Amino acid sequence: MNSYTMDAARTDLPMIALTNRNAVSAIIGHMLPILLLVAAHSLAQSQAAPAANADSTPWQPKIHFYAPPRWINDPNGPILLNGQYQLFFQSNPLGDEWGHMSWGHAASPDLVHWKQLPVAIPEAGGVMIFSGSTVEDRDNTSGLCAGPGQNPGQKSPGCLVAIYTGASGDKQNQNLAVSVDGGTTWTKYSGNPVLDLGLKDFRDPKVFWHAATQSWVMVVSLPDRHKVRFYHSKNLRQWELGGEFGPVGATGGVWECQT
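Everything numeric in this text was worked out from a predicted model, so none of it was measured.

(A) Representation of the sheet that holds strand β12 (residues 227–233) in the model. Taking strand neighbours across the sheet as the criterion, the four strands line up as β10-β11-β12-β13 in an open arrangement whose pairing is antiparallel. Of all the strands in the sheet, the pair left with one neighbour each is β10 (203–210) and β13 (240–245). Neighbour to neighbour, the strand axes of the sheet diverge by 25° on average, direction disregarded. Sheet topology places strand β11 (residues 215–222) next to β12; seven bridges connect them, and they run antiparallel. Its bridge partner lying in β12, Ser-221 is registered against Val-228.

Following this line, the structure appears as structure tokens:
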């Protein structure tokens, strides 16, 4: 159980102050036809649609997922499992700015109606949880999915393994966490990290099962080198380099977040 708590959303954010009244009048004059059209459209919608919930605001999306009141970013490892979409995402459970990166969690039966769940994988020991992916290890190839009294080789439908970048100081590496209850609770692998090159920038693993070779494939970025590397593994715990791509094409920035 993590100790993160949800505080009330901030209500003291200042609005933009307009001080030039002449400029404002000119802008309103040009915008008036558009404002009237928007008002007419809003009126038509209000007459055709049911009233919004009392706690809704005009700034909240009506369909897209959001996680009030915290800072969120990249979606991580969305997966369909037993009729439920599990969504993990970069989250700061302690504030509305970048920092304390952890994996937030939400679930949905239809990608429209979402239930906010407790933080899945929290920052701990100075290691932030950067982006990554999840897989269902139904054959327990990792050996991490067997429950109490189970044979390590026993099938494990519903067991999820998260492969994520751990970030601490000037080092980034790849790590595992396991959930044997379909994503509700997670345990970090005691042998982390599973892939460490000793680099400051080495992140965003995308992992998938490659049936032809009966192995897992990890696509992971060397952002500042404008390269993507391909690793393969039989068990998600030991990884071997298979090849790399780049630098080529857009090399002006960084390469990341292919998940």
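(B) How the structure looks around the packing of aromatic side chains. Under the criterion given, the structure shown has eight aromatic pairs. For the ring pair Phe-65 and Phe-89, a centre distance of 5.2 Å and an interplane angle of 55° mean the geometry is tilted. Note that Phe-65 is positioned in the loop between α1 (21–48) and β1 (71–81) and Phe-89 in strand β2 (residues 84–92), a separation of 24 residues in sequence. Seen in terms of ring centroids, Phe-88 and Trp-186 are 5.5 Å apart; in terms of plane orientation they differ by 90°. Their pairing is edge-to-face. Here Phe-88, found in strand β2, pairs with Trp-186, found in the loop between β7 (171–179) and β8 (187–188); they are 98 residues apart in sequence, far enough to count as distant. Just as Phe-88 is buried, Trp-186 falls in that class too. A network of ring pairs unites the aromatic residues Phe-88, Trp-103, Tyr-164 and Trp-186 as a single cluster.

(C) Broad picture of unusual backbone geometry. In this structure, Pro-193 follows Asn-192 across a cis peptide bond, with omega equal to -5°. A positive phi angle is found at Leu-111, which is not glycine, with a value near 70°. Looking at Leu-111, the relative accessible area reads 45%, which means it is partly exposed.

(D) Fine view of the side chain of Ser-156. Position of Ser-156 relative to the elements: it lies in the loop between β5 (128–136) and β6 (160–168). Aside from chain neighbours lying at most four places away, what touches Ser-156 is Asp-137, Arg-138, Asp-139, Asn-140 and Cys-145.

(E) Spotlight on the sheet that holds strand β3 (residues 102–108). Taken in spatial order, the four strands of this open sheet run β1-β2-β3-β4, and their pairing is antiparallel. Looking at strand neighbours, the two that pair on one side only are β1 and β4 (115–121), the edges of this open sheet. Across the sheet, the axes of successive neighbouring strands diverge by a mean angle of 30°, strand direction being ignored. Two elements, β3 and β4, share four bridges in a ladder whose sense is antiparallel. Within the sheet, the bridge partner assigned to His-105 lies in β4 and is Leu-117.

(F) Spatial organisation of the pattern of salt bridges. The final tally for this structure, using the stated rule, is seven salt bridges. Close ionic contact of Asp-201 with Arg-203 constitutes a salt bridge, the shortest N to O distance being 2.8 Å. Here Lys-227 makes a salt bridge to Glu-244, at a shortest N to O gap of 3.0 Å. Pair noted here: Lys-227 is in strand β12 and Glu-244 is in strand β13, with a separation of 17 residues, a long-range link. By sharing partners, the salt bridges in this structure join Asp-201, Arg-203 and Glu-256 into a single network.

(G) Structural context of the nonpolar core. Counting residues in hydrophobic clusters, the biggest one holds 19 residues, and the most contacted among them are Val-161, Val-207, Met-218, Leu-236 and Trp-239. Counting only elements with at least two residues in this core, the list comes to β6, β7, β9 (195–199) and β11. Element by element, the count of residues in this core is highest for β11, at four residues. Excluding residues that lie within four positions of it along the chain, Leu-236 makes contacts with Val-135, Asp-137, Ser-142, Val-161, Leu-176, Val-194, Val-207 and Trp-216. Membership of the second largest hydrophobic core comes to twelve residues, among which are Ile-79, Ile-121, Ile-129 and Tyr-164.

(H) The side chain of Arg-203, seen in detail. Along the polypeptide, Arg-203 turns up in strand β10. Within polar-contact distance, the side chain of Arg-203 engages the side chain of Gln-172 at 3.2 Å.

(I) Examining the pairing of β1 more closely. Across seven bridges, β1 lies against β2 in antiparallel orientation. Note that in β2 the partner of Pro-75 across the bridge is Phe-89. From the end of β1 to the start of β2, which pair antiparallel, there are two residues, and Asn-82 there has a positive phi angle of about 55°.

(J) Structural view of the confidence of the model for the protein chain. Chain-level pLDDT for the protein chain is 81 on average; 76% of the residues reach the 70-or-more range. Scored below 50 in pLDDT, residues 1–29 makes 19 contacts in the model with residues more than four places away or belonging to other chains. For the stretch residues 31–52, pLDDT sits under 50, and the model shows zero contacts to residues farther than four places along the chain or on other chains.

Calculation notes
Residues numbered from 1 in each chain as written. Predicted model: local features only at pLDDT ≥ 70, side-chain atom pairs only at ≥ 80, totals over all residues. Heavy atoms only, no water. Pairing = 2+ DSSP bridges. Helix = DSSP H or I, 4+ residues; strand = E, 2+ residues; numbered from the N terminus. Axes fitted to C-alpha atoms, helices over the stretch in contact; angles between N-to-C directions. Phe/Tyr/Trp six-rings, centres within 6.5 Å; stacked < 30°, edge-to-face > 60°. Buried < 20%, exposed > 50% of the residue type's maximum accessible area, 1.4 Å probe, protein only. Contact = heavy atoms within 4.5 Å. Salt bridge = Lys/Arg side-chain N within 4 Å of Asp/Glu carboxyl O. Core = buried A, V, L, I, M, F, W, Y, C linked by side-chain atoms within 4.5 Å. Polar contact = N/O pair within 3.5 Å; in protein donor to acceptor, adjacent residues only side chain to side chain. pLDDT = per-residue confidence, 0-100.

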